[in-house]
Amino acid sequence: MTATSSAVGRTDGPDRLPPIRPAYDAHTWKEILYLLLNLPVTVFGFVYAITVLTVGGSLTITVVGLPLLALSLLGSRQLGKLERARARWLLGVRVEEPTPLPLARSGGLMQRLWMALKDPVGWRTLLYDAIRLPWGILTFCTVLTSLFVLWPVLPYLARGLANMDRFLVRGLLSPSDELERRIAELESDRGVVVDTAAADLRRIERDLHDGAQARLVNLAMGLGLAKEKLLEDPDTAAAMVEEAHGEVKLALQELRDLARGIHPAVLTDRGLDAALSSVATRCTVPVKVRVDLPDRPAPAIEGIAYFTVSELLQNISKHSQARTASVDVWRTEDRLLIQVRDDGRGGARLEGGTGMRGLADRLGAVDGLFVLDSPAGGPTVVTAELPWRDRTE
């Protein structure tokens, strides 16, 4: 008897009844409120959409037609924003906001006008407002009637109608996730490319000014002095010419190094295998280079691959304390893969000040990948991927 009583008194057994909850909870009332608000919201949206399409469309033959239509599409964007906020508050639908139009960064008035006219978010919002009037009338009448006649089943009815609204909001008011993500990436990558190009120009200008240009100025001055002493002191003039000859050699070497930093001739003439082998000979660590490519990629991809390996080998020389290193380059389907490995001390980081972050940004700007694996104590393995594009030469 005691055992039976204790079994009945337990509340965590398999036969426990579900907890009592009200049929009209807060979530249900929010759905009902959303459905009742559908009528005034859809009436306003329908009137706005029809007015925009008729007035804006009929006035396109005039000067004010297209600007009026562009402003109306910008206004429909704001209506879509309000609808997303209403769905988020009452239906719990989390819809990402679309990327704002970059009107402030656009060029002239005509470019801004064209950008607003081809805005897919504005047009989808107009479509959403134009087709929802019958649905708004149906949901309002159904819910209002059910509050007095079918109130026992109204929670289930409201849930079904609200789910249809959730489908419409997600289908027409949500941005294209992949497209929006891609646009954001391209905007970021464009900034990286511009910054990288500006930094490269500043580096070239600095190298020319501090290196070859200064050496050539000294050379011109030395030759001028030698010219003056040519008749009165031939021996001194000959020594000065000899010194100028050495300066010419150094200036030529600096110009070759600068040209190699811009685009080496060996890369253009003989491809990645020979160019990377040449880079490896300048590394302070013995480097084994293996390039397995059936043919040469596009010049732009080839150049990025070269400079990526070149900078990685410079990092190995300066920071790794390695004894050996290796470079492997191969192609897999539509990707060019690069792997640089060394047996140094490891501990490299993207934020470590060794140029890794700049390499990752440059590769990302061309749809590439940059993966760094460098545990403390080594080894360090850097894997880079680039999109493969065939050479058109």
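Use the structure listed above.
Nothing here was measured: the structure is a model prediction, and the numbers come from that model.

What counts and what doesn't
- Residues numbered from 1 in each chain as written.
- Predicted model: local features only at pLDDT ≥ 70, side-chain atom pairs only at ≥ 80, totals over all residues.
- Heavy atoms only, no water.
- Helix = DSSP H or I, 4+ residues; strand = E, 2+ residues; numbered from the N terminus.
- Buried < 20%, exposed > 50% of the residue type's maximum accessible area, 1.4 Å probe, protein only.
- Contact = heavy atoms within 4.5 Å.
- Pairing = 2+ DSSP bridges.
- Lys, Arg positive; Asp, Glu negative; His and termini not counted.
- Salt bridge = Lys/Arg side-chain N within 4 Å of Asp/Glu carboxyl O.
- Core = buried A, V, L, I, M, F, W, Y, C linked by side-chain atoms within 4.5 Å.
- Axes fitted to C-alpha atoms, helices over the stretch in contact; angles between N-to-C directions.
- Parallel < 35°, antiparallel > 145°, perpendicular 65-115°, else oblique.
- Left-handed = near helix turned anticlockwise from the far one by under 90°.
- Phe/Tyr/Trp six-rings, centres within 6.5 Å; stacked < 30°, edge-to-face > 60°.
- Lys NZ or Arg CZ within 6 Å of the ring centre and 35° of its normal.
- Arc of directions from axis to C-beta.
- Patch = residues over 30% accessible without salt bridge, like charges linked within 9 Å, V, L, I, M, F, W, Y side chains within 5 Å.
- Areas by Shrake-Rupley, 256 points an atom, 1.4 Å probe, with all protein chains shown as cover.

The residue glutamate 83 is located in helix H3 (residues 65-90) in this model. Look at glutamate 83 and you get buried, because its relative accessible area is 7%. With residues up to four places along the chain from it excluded, the contact list for glutamate 83 reads Tyr34, Val41, Tyr128, Arg132 and Leu173.

The element strand E5 (residues 380-387) is extensively covered by neighbouring structure, given that 6 of its 8 residues are classed as buried. The pairing of strand E3 (residues 335-342) with E5 spans 8 bridges and is classified as antiparallel. Its bridge partner lying in E5, arginine 335 is registered against proline 387. Turn length for the strand E4 (residues 369-373)-E5 hairpin, with the two strands adjacent in sequence and antiparallel, is 6 residues, and the turn residue glycine 377 shows positive phi of about 95°.

Okay, the pairing of E3 next. By the criterion of burial, E3 is predominantly enclosed, with 6 of the 8 residues buried. Pairing of strand E2 (residues 325-332) with E3, which is carried by 8 bridges, proceeds in the antiparallel orientation. Its bridge partner being in E3, aspartate 328 is matched across the sheet by glutamine 339. In this structure, the hairpin formed by E2 and E3 is closed by a connection of 2 residues, where glutamate 333 is found at a positive phi of approximately 55°.

Turning next to unusual backbone geometry. Positive phi outside glycine occurs at glutamate 333, with the angle close to 55°. Checked against the element boundaries, glutamate 333 lands in the loop between E2 and E3.

Here we come to the side chain of aspartate 129. As for its placement among the helices and strands, aspartate 129 is situated in helix H5 (residues 120-131). Despite being buried, aspartate 129 has no salt bridge partner; arginine 132 is the closest side chain of opposite charge, sitting 5.9 Å away. The residues contacting aspartate 129, other than those within four sequence positions of it, are Thr42, Gly45, Phe46, Ala49 and Leu79.

Core analysis: the biggest nonpolar cluster contains 35 residues, and Leu313 and Val329 have the highest contact counts within it. Elements that contribute at least two residues to this core include exactly helix H11 (272-281), strand E1 (287-292), helix H12 (299-320), E2, E3, helix H13 (356-364) and E5. With 7 residues, H12 is the largest single contributor of residues to this core. Among residues more than four places away in sequence, those in contact with leucine 313 are Val279, Ala280, Cys283, Val287, Val327 and Val340. Counting 19 residues, the second largest nonpolar core, distinct from the first, contains Tyr34, Leu35, Ala87 and Val169.

Moving on to the packing of helix H6 (residues 133-146) against helix H7 (residues 154-173). Contact geometry for H6 and H7: axes closest at 10 Å, N-to-C directions at 165°. In terms of orientation, H6 lies roughly antiparallel with respect to H7. As for the relative orientation of H6 and H7, their crossing is left-handed in sense. Here Trp135, Thr139, Thr142, Val143 and Ser146 of H6 lie close against H7, whose contacting residues are Leu154, Leu157, Leu161, Met164, Asp165 and Leu168.

Our focus in this paragraph is the packing of aromatic side chains. Scanning the entire structure with this criterion turns up 1 aromatic pair. Ring geometry for tyrosine 306 against phenylalanine 307: centres 5.1 Å apart, planes inclined by 80°, an arrangement best described as edge-to-face. The lysine or arginine in question, arginine 86, covers the ring of tyrosine 34, its NZ or CZ lying 3.9 Å from the ring centre.

The subject of this paragraph is H13. Turning to H13, its buried residues number three or more, namely Met356, Leu359, Ala360 and Leu363. Each buried residue of H13 lies within a common arc of 100° when the element is viewed along its axis, so the set occupies one face. Looking at the buried positions of H13, the neighbouring elements they touch are H12, E4 and E5.

Moving on, we get to a nonpolar patch on the surface. Together, Leu144, Phe148, Val149, Leu150, Val153 and Tyr156 make up a nonpolar patch on the protein surface, roughly 660 Å² of accessible area in all. Residue placement: phenylalanine 148 occurs in the loop between H6 and H7. A relative accessible area of 67% means that phenylalanine 148 is categorised as exposed.

Another aspect to go through is the sheet that holds E1. As summarised here, the arrangement of the 5 strands in space is E1-E2-E3-E5-E4, forming an open sheet in which the pairing is mixed. Both outer strands of the open sheet, E1 and E4, are each paired with one neighbouring strand and no more. Within the sheet, the average angular offset between the axes of one strand and its neighbour, ignoring direction, is 10°. Pairing of E4 with E5, which is carried by 5 bridges, proceeds in the antiparallel orientation. Paired with aspartate 373 across the bridge in E5 is valine 381. Here H11 sits on the sheet in contact with E1 and E2, set at roughly 170° to E1. With respect to the sheet, H12 is in contact with E1, E2, E3, E4 and E5, its orientation differing from that of E3 by roughly 10°.

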